[in-house]
Amino acid sequence: MWAMIVKEFRQMRRDRRTLAMMIVLPVILLIVFGYAASFDVQTIPTVAAGPQGAALVARLGEPFDLVKNAPSAGRAWAQQQIRDGKAATVVIAGSGQTEVLIDGSQLFTAQKALASLSAAQEKAAARAALTQPGSQAAPATARPQVTVLYNPGLKTSDVMIPGLCGVVLVFIGTIITALGVVRERQSGTLEQLAVMPLSPRDVFLGKVVPYFGVAALDLAIVVGVGVGIFGVPFRGSYAVFALGAILFLFVTLGLGVLISSVSENQGQAIQLSMMVILPQILLSGLIFPLSSIAVGVRWISYILPLTYFNMISRGVMLRAEPIGPLWQPFLFLALLGLVVFTLASLRFRAYLAPAPRRGKAGPAAGPLPAGAAASSGTPGPAETAGEPAAPAGSAGSAGPAGSAGSAGSAGSAGSAGSAGSAGPAGSAGSRDSGRAR
């Protein structure tokens, strides 16, 4: 039993990928859920519009953070700021009634803003009651009119389904692609593709394009089910959404091929894929708001492709955001796709067409044996003395015995001995022929 335990520990130590998954993955989960998994929104980016907007935001206090002030702007400009994703809340305070616009596509931020506004109103009413004990409540015109845009009912499905579109693309592009390529390697058919009259680019595209089509079909199904059954609105442009999905698919397919190039079997491919997918689901803003993630972990969110696709999908589907304000996520997806796809292509090309290895250098040239000299036509001892060697002896000069037979092949008996000079008998015959002579 002890021998089996030692054997298992040795195998576990040799399988470094599995060992890393067993040790590193729990640490990652601990860090993510300890520092990043939080629904508490600490700050709410707020834009002030109207002459008294900035003063009202200052009175509201935390968590409202004033990021822009436009004293001469109105409601149309304020709504455009929310649509373009530049603010989560807009306060409009001028000559008329005070309005507060809240972005409902940011679910947890909107809930926090509503709760903070309600708490601020209760504090103001309590303060007024303390200062003026006999006064009535403030009139309705003094209370701000709160409007939730793009998700008035604060439905979770309206926020989650655009993000699930990205999760489907990550699953198809990373796990399924990696398993498909590794399956070819395990069955031995990938080596057969390497010797076929196809370039590595043709093989690479031939492996990737089918998964691209399947992922596009799954994306269409998810969007159709979300809009048709769950009632998720699709207010934006289908072309902008499709462009973002194509860029995101390039990144995920490249990750799948890159994982397959460093995996020896399907188990390793699944392990590496899970280590790539899990941080994207937890740190991309799909479940937890980016603003609630700790700063020491938040930087990881900005190198994950799913973070930028979530911005595109929610902006297009819920807020009808055009491509102009979305230039940053599009640019980052394009850069990530270029880097990942280039690395995957190089790894795949190196696997299909490996560089030829240099052969080992042969032994240094030196004096040839007597038999080799005879077989290569080099004059032997008999030829040096003026007596040519017999052809039969040269043909049989595979070893020292053959060379001896060749040297003594003067008569017919010597010829017979030379023909049999592959062994000791040939040597004896050659010596007999020399005595007979």
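The shown structure was predicted, so the numbers you read here are calculated from the model rather than taken from an experiment.

**Q** Help me understand the layout of surface pockets in this model?
**A** Remark: the empty space left among the atoms is shown by a probe the size of a water molecule rolled over them. Taken as a whole, the largest pocket spans an internal volume of roughly 1100 Å³. Contributing to the lining of the largest pocket are 39 residues, with Gly85, Gln106, Leu290, Met311 and Arg319 lying nearest its centre. Listing elements by their share of the lining of the largest pocket, those giving two or more residues are α5 (107–131), α6 (156–187), α12 (305–319) and α13 (327–352). Looking at the lining of the largest pocket residue by residue, the class counts come to 21 nonpolar, 12 polar and 6 charged.

**Q** Would you explain the sheet that holds strand β4 (residues 99–103) in this entry?
**A** Consider a sheet: its strands pair through backbone hydrogen bonds, and that pairing is either parallel or antiparallel. Pairing in this open sheet of 5 strands is mixed, and the strands run β2-β1-β3-β4-β5 from one edge to the other. If you trace the sheet from one side to the other, it starts and ends with β2 (64–70) and β5 (145–149), each paired once. Taken over all neighbouring pairs, the strand axes of this sheet differ in orientation by 20 degrees on average, direction set aside. When strand β1 (residues 44–49) meets strand β3 (residues 89–92), the two strands line up parallel, connected through 4 bridges.

**Q** Would you mind showing me how to read the nonpolar core here?
**A** Counting residues in hydrophobic clusters, the biggest one holds 37 residues, and the most contacted among them are Cys165, Leu169, Leu219, Phe241, Phe248, Phe309 and Val316. No other element matches the 10 residues that α6 contributes to this core. Within the second largest apolar cluster, 16 residues are counted, among which are Leu60, Val100, Ala110 and Ala113.

Quick notes on the rules
- Residues numbered from 1 in each chain as written.
- Predicted model: local features only at pLDDT ≥ 70, side-chain atom pairs only at ≥ 80, totals over all residues.
- Heavy atoms only, no water.
- 1 Å grid on protein atoms, 1.4 Å probe; cavity = no way out; pocket = protein on both sides within 12 Å on 5 of 7 lines; lining within 4 Å.
- Points joined across faces, edges and corners; volume = space filled by probe spheres on them.
- Helix = DSSP H or I, 4+ residues; strand = E, 2+ residues; numbered from the N terminus.
- Nonpolar A, V, L, I, M, F, W, Y, C, P; charged D, E, K, R; others polar.
- Pairing = 2+ DSSP bridges.
- Axes fitted to C-alpha atoms, helices over the stretch in contact; angles between N-to-C directions.
- Core = buried A, V, L, I, M, F, W, Y, C linked by side-chain atoms within 4.5 Å.
- Buried < 20%, exposed > 50% of the residue type's maximum accessible area, 1.4 Å probe, protein only.

Purely geometric stuff here, so don't read any function into it on its own.
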